[in-house]
Amino acid sequence: MLQRVGWFFVGAFFLSGLWEVLVLLRQPVVLQAILAGIFACLAVAYLRLVRSEHSVLRRADRWLVALPLGLLFGWITAANAGSINDTLVELELLGSGVSGALVGALLLFAGAALASAVISVSKAGPLQGLLAYAGAVLWALVGVVVNQYNASLLTTGAALLSAALVAMAVISTLRGGRPYIGASRSVRPRAAGEGG
Amino acid sequence: MGNDGKRDLARQVATVLGALFQVLAGTIVPIGAIAGGTLSLVAPAD
């Protein structure tokens, strides 16, 4: 499993370290590009993970690869959505008033829609990855609510609605078809619970 | 060691170096000051 996703982890690690160092330069476009690069690395790794044959996923892969990968991918999904708004404001392409808050709200919704799509795709992968991903996105949205509660009702409301959208995607995915948990639970009886 | 083995060893070494870089980068940057001095919601962890 690590041979399938390992190099993308390497890319994400190096870019994350680079991002931490280059934050000092305060170059929003460069920093946004690095965040997008981390997102791309983790998206490829995550998709390769969920599309893996269930038989190659051992317990260690599910807990030590899928779980941290989902967590990191969830964080970078939310970070990109938040950071694009900051980049536009820093480049003075966006004001910090109502128009800025509106665009920020739209970006949060776009991030939530992307996260919901990832969660839907995760149905084919290990449950650990799905829950870690969704948990990280929800945690980030809670962070936005806490940070913006006194500053912007619009952003707070958008974050709450986005969190609801992500939560519904999780529930829908879990009810629609159980993700892969382990070898003994990998086969979902087709007839179970279905009329006929 | 075959080519596959060498590639796998290279991947393992790169993974360890990348993880160390990510963790240690936070120690050479005054992250607390950055996080306190920016309005951005996205900042490195302190």
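Residues numbered from 1 in each chain as written. Chains lettered and ligands numbered in written order. Predicted model: local features only at pLDDT ≥ 70, side-chain atom pairs only at ≥ 80, totals over all residues.

Observations concerning the environment of Gly18 of chain B
Of note, Gly18 of chain B is situated in helix α1 (residues 3-28). Setting aside residues no more than four positions away along its own chain, Gly18 of chain B makes contact with Val10, Phe13 and Phe14 of chain A. (Helix = DSSP H or I, 4+ residues; strand = E, 2+ residues; numbered from the N terminus. Contact = placed C-beta atoms within 7 Å.)

Brief notes about helix α2 (residues 28-50) of chain A
Between its first and last C-alpha, α2 of chain A extends 32 Å over 23 residues, near the 33 Å set by a 1.5 Å rise per residue. Packed against the buried residues of α2 of chain A are α1 (2-22), α3 (59-90), α4 (98-121) and α5 (127-148) of chain A. (Expected span 1.5 Å × (residues − 1).)

Describing the confidence of the model for chain A
Model confidence for chain A is summarised by a mean pLDDT of 87, while 89% of its residues fall at 70 or above. Low pLDDT, under 50, characterises residues 183-196 of chain A; the stretch is placed with four contacts to residues that sit more than four places away or in other chains. (pLDDT = per-residue confidence, 0-100.)

With respect to the packing of α2 of chain A against α3 of chain A
All names here are of chain A. Contact geometry of α2 with α3 gives a least axis separation of 9 Å together with a crossing angle of 150°. With respect to their mutual orientation, α2 and α3 come out roughly antiparallel. As α2 runs across α3, the sense of the crossing is left-handed. Across the contact of α2 with α3, the residue classes break down as 19 nonpolar, five polar and two charged. (Axes fitted to C-alpha atoms, helices over the stretch in contact; angles between N-to-C directions. Parallel < 35°, antiparallel > 145°, perpendicular 65-115°, else oblique. Left-handed = near helix turned anticlockwise from the far one by under 90°. Nonpolar A, V, L, I, M, F, W, Y, C, P; charged D, E, K, R; others polar.)

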